[in-house]
Amino acid sequence: SFDYEAFTGRPSHDGPPLPARILPESRRVPAAEAAAKIVEESAGGNGDGGDKGQKEREERKRKTLYLDVRPASQFGLARLPGSVNVPWGGGGDAFLKRAAEAATAAAALRSSSEGEEERQEKRGQRRAPVVVVCRRGNDSQRAVAALDEALTKKEGGGAAEIQKTLREFLEGRPALVDVVGGLEGIAAAGSFEFPRY
C-alpha cells in the first residue's frame, strides 16, 4: 500500500490552510466582535431623539468600511454591507495601487455626499475604522502588514503618490485591523450568511 502522507508530508485531504500568525492580537478583531458590530450598524445604532439629518450624518461617519481582499469572483458571491473589494492577488505593488484607487474612489464618494462645512467639521473628529477581511483571516493579515509597510517606508516616484493617497485616506482613522477567522468566522458567529466554497 502507498502511504500518501508519508510521501508528501501532508495530510491526504483538502482542508483549510492553517491560520497565519502575522499580526499581533492587538491588531486583530475577534469574529464574534465583528459580527456584533455588523448587527449594530445594520440596526442603525442606538441613538435617540435629535435632528434626523444630524443622526444620518453621524451614522454615515460611524459605519465601518470593510476592505475585502478576496478575488472579485468570491466577492461577487457574498459580501459584508459597506465593503469594498480590493483583491490581494499575491500582494505587491499591484495590491497597493488597487488599494490607493479604492481610497481615492471612497474619498470622492464621501466628498460628493457632504458639504464643505461638514468636511471641515469632520477633519478634527475620528473617522470610521477600516477593517480588512478575507475568507479565513490569512490574506487579510498579509494585506494589513503590506499596507503598514507601505505607509512607513520611504518611497519615491509613483510609489510615493500611492503612499500619499493611502496616508490621506487613513488619516484620523483607528489603526487598520483584520478579523480573526475572516468571513467564515463572522458567519459562524451567526450574523452573516456566507456560502461554503
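K.L.:
Any chance you could break down the nonpolar core for me, citing the residues and the numbers?
P.N.:
By size, the foremost hydrophobic cluster in this structure holds 25 residues, and its most contacted members are Val 69, Phe 95, Val 130, Val 132, Leu 147, Leu 166 and Leu 176. Setting aside residues no more than four positions away along its own chain, Val 69 makes contact with Val 86, Pro 87, Trp 88, Phe 95, Val 132, Val 133, Cys 134, Asp 139, Ser 140 and Ala 143. Ranked by size, the runner-up nonpolar core spans 16 residues in total, among them Val 29, Ala 34, Ala 78 and Leu 183.

K.L.:
Could you give an account of the packing of aromatic side chains, naming the residues involved and the relevant values?
P.N.:
Counted under the stated rule, the structure contains 2 aromatic pairs. When the centroid spacing of 5.6 Å and the interplanar angle of 55° are considered together, the rings of Phe 194 and Tyr 197 count as tilted. Exposure remark for Tyr 197: the relative accessible area of 29% places this residue in the partly exposed category. Here Arg 135 stacks its cationic end above the ring of Tyr 197, 4.2 Å away from the centre of that ring. The aromatic ring of Phe 169 is capped on one face by Arg 173, whose charged end is 4.3 Å from the ring centroid.

K.L.:
Which residues make up the sheet that holds strand β5 (residues 177-179), and what are the values?
P.N.:
One open sheet accounts for 5 strands, arranged β1-β5-β4-β2-β3; its pairing is parallel. For this open sheet the edge positions go to β1 (28-29) and β3 (83-85), each flanked by a neighbour on one side alone. Helix-sheet contacts for helix α2 (residues 31-42) involve β1, β2 (65-68) and β5, and the interaxial angle to β2 is about 130°. Contacts from helix α7 (residues 139-152) reach β1, β4 (130-133) and β5, with the element oriented near 175° to β5.

K.L.:
Requested: an account of the pairing of β2, with residues and values cited.
P.N.:
Burial of β2 is two-sided: the residues Leu 65 and Leu 67 facing one way and the residues Tyr 66 and Asp 68 facing the other way are all buried. As paired elements, β2 and β4 share 4 bridges and run parallel to each other. In the strand pairing of β4, Tyr 66 is matched with Val 131. Pairing of β2 with β3 involves 3 bridges; the strand directions are parallel. Looking at β3, one finds that Leu 67 is bridged to Val 84. At this point the chain moves from β2, through helix α4 (residues 72-77), to the parallel β3, and the crossover so formed is right-handed.

K.L.:
Residue-level account of the side chain of Ser 140, with values.
P.N.:
Relative to the elements of secondary structure, Ser 140 occurs in helix α7. Not counting residues up to four positions away in its chain, the partners in contact with Ser 140 are Val 69, Val 132, Val 133, Cys 134, Asp 178 and Val 179.

K.L.:
Report on the side chain of Arg 27, specifying residues and quantitative values.
P.N.:
With respect to the helices and strands, Arg 27 occurs in the loop between α1 (4-8) and β1. Exposure remark for Arg 27: the relative accessible area of 17% places this residue in the buried category. When sequence neighbours within four positions are dropped, the list of residues in contact with Arg 27 reads Val 144, Asp 148, Ala 175, Leu 176, Val 177 and Asp 178.

K.L.:
Can you explain α7? Please cite residues and give values.
P.N.:
Given 3.6 residues per turn, any residue in an α-helix points the same way as the ones three and four places further on. A rise of 1.5 Å per residue sets the reference length of α7, with its 14 residues, at 20 Å; its end C-alpha atoms lie 20 Å apart and thus fit the reference within 8%. Taken together, the buried positions of α7 are Ser 140, Gln 141, Ala 143, Val 144, Ala 146, Leu 147, Ala 150 and Leu 151.

K.L.:
Explain a nonpolar patch on the surface to me, and be specific about the residues and the numbers.
P.N.:
A grouping of Phe 2, Tyr 4 and Phe 7 is seen on the molecular surface, where their side chains present a nonpolar patch of about 410 Å² in accessible area. Note that Phe 2 resides in the segment before α1.

Rules of the game
Counting starts from 1 at the beginning of each chain's written sequence and moves along it residue by residue. The predicted nature of this model means local features are confined to residues of pLDDT at least 70 and side-chain atom pairs, given and counted, to a pLDDT of 80 or more, with totals for whole chains, interfaces and linings taken over all residues. Side-chain numbers here rest on the full set of heavy atoms in the structure, without hydrogens or water. By nonpolar core we mean a set of buried residues, namely Ala, Val, Leu, Ile, Met, Phe, Trp, Tyr and Cys, connected to one another through side-chain atoms within 4.5 Å. Only protein chains enter the calculation, and the probe is 1.4 Å; a residue is then buried if its accessible area is under 20% of its type maximum, exposed if over 50%, and partly exposed in between. Note on contacts: a residue pair is in contact if any heavy atoms of the two residues lie within 4.5 Å. By convention, a stacked pair of Phe, Tyr or Trp rings (six-membered ring in the case of Trp) has centres within 6.5 Å and planes under 30 degrees apart, an edge-to-face pair has planes over 60 apart, and any other such pair is tilted. Here, over-ring charges are defined by two tests on the NZ atom of lysine or the CZ atom of arginine: distance to the ring centre within 6 Å, and angle to the ring normal within 35 degrees. The criterion for strand pairing is that DSSP finds at least two bridges linking the strands in question. Note on conventions: DSSP H or I runs of at least 4 residues are helices, E runs of at least 2 residues are strands, and numbering of each starts at the N terminus. Axis definition: a line fit to C-alpha positions, over the contact stretch in the case of helices; interaxial angles, taken between N-to-C directions, run 0 to 180 degrees. Call a crossover right-handed when, viewed with both strands pointing away from you, the route from the first strand across the helix to the second goes clockwise. Expected span, for any helix, means 1.5 Å times one less than how many residues it has. Within the patch definition used here, like charges are joined within 9 Å and nonpolar side chains (Val, Leu, Ile, Met, Phe, Trp, Tyr) within 5 Å, considering only residues with over 30% relative accessible area and no salt bridge. Surface accessibility follows the Shrake-Rupley procedure with a 1.4 Å probe radius. Residue values consider only the protein chains on display as shielding. Criterion for a salt bridge: a side-chain nitrogen of Lys or Arg within 4 Å of a carboxyl oxygen of Asp or Glu.

By themselves, these figures tell us nothing about what the structure is for.
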